[in-house]
Amino acid sequence: MAEQKYVSLQQDSGKINGNVEISHQVIEILLGIATNQVDGVYEMRGTISSRIDSLFGRINHGKGVDVSFDEGKISASVYVYLDYGVSIPKVSLEIQKSAIEQLEFMTDLDLSEINVHVVGLIAKKESGEIERVTTDKKE
């Protein structure tokens with residue numbers, strides 16, 4: 001089965017003809033930005049290529065987000081590193097709320113589900129060093 005790459009928006013206006021299609025990558029970017037804006041999120045999980053891109057100043061706002069389409073429903077998974085000491089359930093719930101609100105506001109699309117995967121914690125030491133505590137195999 002071929003992977004769907006665009007979501008088509010339904011137009012209610014009878015005056016305008018044409019289609020509006022949104023790439024799945026745009027949805028990933030929207031969800032990534034919404035997730036990064038939540039207090040307690042240190043960063044999103046990336047890949048080696050996204051880390052190399054960041055060295056050259058290119059930011060991939062969609063990293064750490066997987067979007068899938070199934071029978072007209074949109075589901076997403078976000079993979080995050082949280083700041084050490086935050087309430088994981090509270091931050092995760094805020095991530096879900098923020099992502100749902102932003103996607104609905106910007107695209108008029110509804111998420112059927114959003115799964116938050118906490119893949120690690122980031123502890124900041126008094127010396128300014130960062131300690132990454134993770135069990136993520138992709139890191």
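Because the structure is predicted, anything quoted here is derived from the model rather than measured. (Residues numbered from 1 in each chain as written. Predicted model: local features only at pLDDT ≥ 70, side-chain atom pairs only at ≥ 80, totals over all residues. Heavy atoms only, no water.)

Engineer: Explain the nonpolar core to me, please; I cannot follow it from the model alone.
Structural biologist: Across soluble globular proteins, nonpolar side chains show a tendency to be buried alongside one another. Counting 23 residues, the largest nonpolar core has Ile27, Leu31, Val67 and Ile95 as its most contacted members. Of all the secondary-structure elements, those providing two or more residues to this core are helix H1 (24–36), strand E3 (41–44), strand E4 (65–70), strand E5 (73–83), helix H3 (88–107) and strand E6 (111–124). Excluding residues that lie within four positions of it along the chain, isoleucine 95 makes contacts with Thr35, Val38, Val41, Val78, Val80 and Val116. (Core = buried A, V, L, I, M, F, W, Y, C linked by side-chain atoms within 4.5 Å. Buried < 20%, exposed > 50% of the residue type's maximum accessible area, 1.4 Å probe, protein only. Helix = DSSP H or I, 4+ residues; strand = E, 2+ residues; numbered from the N terminus. Contact = heavy atoms within 4.5 Å.)

Engineer: I would appreciate a short explanation of the side chain of serine 23 in the present structure.
Structural biologist: Checked against the element boundaries, serine 23 lands in strand E2 (residues 20–23). Here serine 23 falls in the buried class, since its relative accessible area comes to 15%. Looking at serine 23, its side chain comes within polar contact range of the main-chain nitrogen of glutamine 25, at 3.1 Å. (Polar contact = N/O pair within 3.5 Å; in protein donor to acceptor, adjacent residues only side chain to side chain.)

Engineer: Quick question: what am I supposed to make of the pairing of E5 here?
Structural biologist: Working note: regular strand, side chains alternate between the two faces of the sheet. Burial within E5 is extensive, with nine of its eleven residues counted as buried. Looking at chain direction, E3 and E5 are connected through three bridges and run antiparallel. Following the sheet pairing, glutamate 43 is matched in E5 by tyrosine 81. Across six bridges, E4 lies against E5 in antiparallel orientation. Bridge pairing links aspartate 70 to lysine 73 in E5. Hairpin connection between E4 and E5: a loop of two residues separates the two successive antiparallel strands, and glutamate 71 in this loop has a positive phi of roughly 55 degrees. (Pairing = 2+ DSSP bridges.)

Engineer: Mind showing me how you'd approach unusual backbone geometry here?
Structural biologist: Excluding glycine, most residues fall at negative phi; most peptide bonds, likewise, are trans. Even without being a glycine, aspartate 108 presents a positive backbone phi close to 65 degrees. Inspection of the secondary structure assignment puts aspartate 108 in the loop between H3 and E6.

Engineer: Help me understand a negative patch on the surface, please; the structure alone is not making it clear to me.
Structural biologist: The grouping of Asp39, Glu94, Glu101, Glu104, Asp108 and Asp110 at the surface amounts to a negative patch. Tracing the backbone through its elements, the reader meets glutamate 101 in helix H3. (Patch = residues over 30% accessible without salt bridge, like charges linked within 9 Å, V, L, I, M, F, W, Y side chains within 5 Å. Areas by Shrake-Rupley, 256 points an atom, 1.4 Å probe, with all protein chains shown as cover. Salt bridge = Lys/Arg side-chain N within 4 Å of Asp/Glu carboxyl O. Lys, Arg positive; Asp, Glu negative; His and termini not counted. Charge placed at Lys NZ, Arg CZ, Asp CG, Glu CD.)

Engineer: So what exactly am I meant to see when it comes to the packing of H1 against H3 here?
Structural biologist: At a closest axis distance of 8 Å, the pairing of H1 and H3 adopts a crossing angle of 135 degrees. The angle between H1 and H3 falls in the class oblique. Where H1 crosses over H3, the two elements pack in a sense that is right-handed. Residue-level contacts link Ile27, Leu30, Leu31, Ala34 and Thr35 of H1 to Ile95, Ser98, Ala99, Gln102, Leu103, Met106 and Thr107 of H3. Residue composition of the contact of H1 with H3, by class: eight nonpolar, four polar and no charged. (Axes fitted to C-alpha atoms, helices over the stretch in contact; angles between N-to-C directions. Parallel < 35°, antiparallel > 145°, perpendicular 65-115°, else oblique. Left-handed = near helix turned anticlockwise from the far one by under 90°. Nonpolar A, V, L, I, M, F, W, Y, C, P; charged D, E, K, R; others polar.)

Engineer: So what exactly am I meant to see when it comes to the confidence of the model for the protein chain here?
Structural biologist: Regions with low pLDDT should not have their predicted coordinates read in detail. Here the protein chain averages 79 in pLDDT, while 72% of its residues score no lower than 70. The secondary-structure element of the protein chain with the lowest mean pLDDT is helix H2 (residues 48–55), recorded at 48, while H3 shows the highest, at 94. Low pLDDT, under 50, characterises residues 47–55; the stretch is placed with five contacts to residues that sit more than four places away or in other chains. (pLDDT = per-residue confidence, 0-100.)

Engineer: What should I look at first to understand H3 in this one?
Structural biologist: Because an α-helix packs 3.6 residues into every turn, residues spaced three or four apart end up facing the same way. Taking 1.5 Å of rise per residue, the 20 residues of H3 would be expected to cover 28 Å, and the 28 Å separating its terminal C-alpha atoms lies within 8% of that figure. Within the sequence span of H3, burial applies to Val91, Ser92, Ile95, Ser98, Ala99, Leu103 and Thr107. Burial along H3 is one-sided: seen end-on, the buried residues are contained in an arc of 125 degrees. Along H3, exposed side chains directed more than 90 degrees from the buried face belong to Pro89, Lys90, Glu101 and Phe105. Just downstream of H3, aspartate 108 is the residue with a positive phi angle, here 65 degrees. (Expected span 1.5 Å × (residues − 1). Arc of directions from axis to C-beta.)

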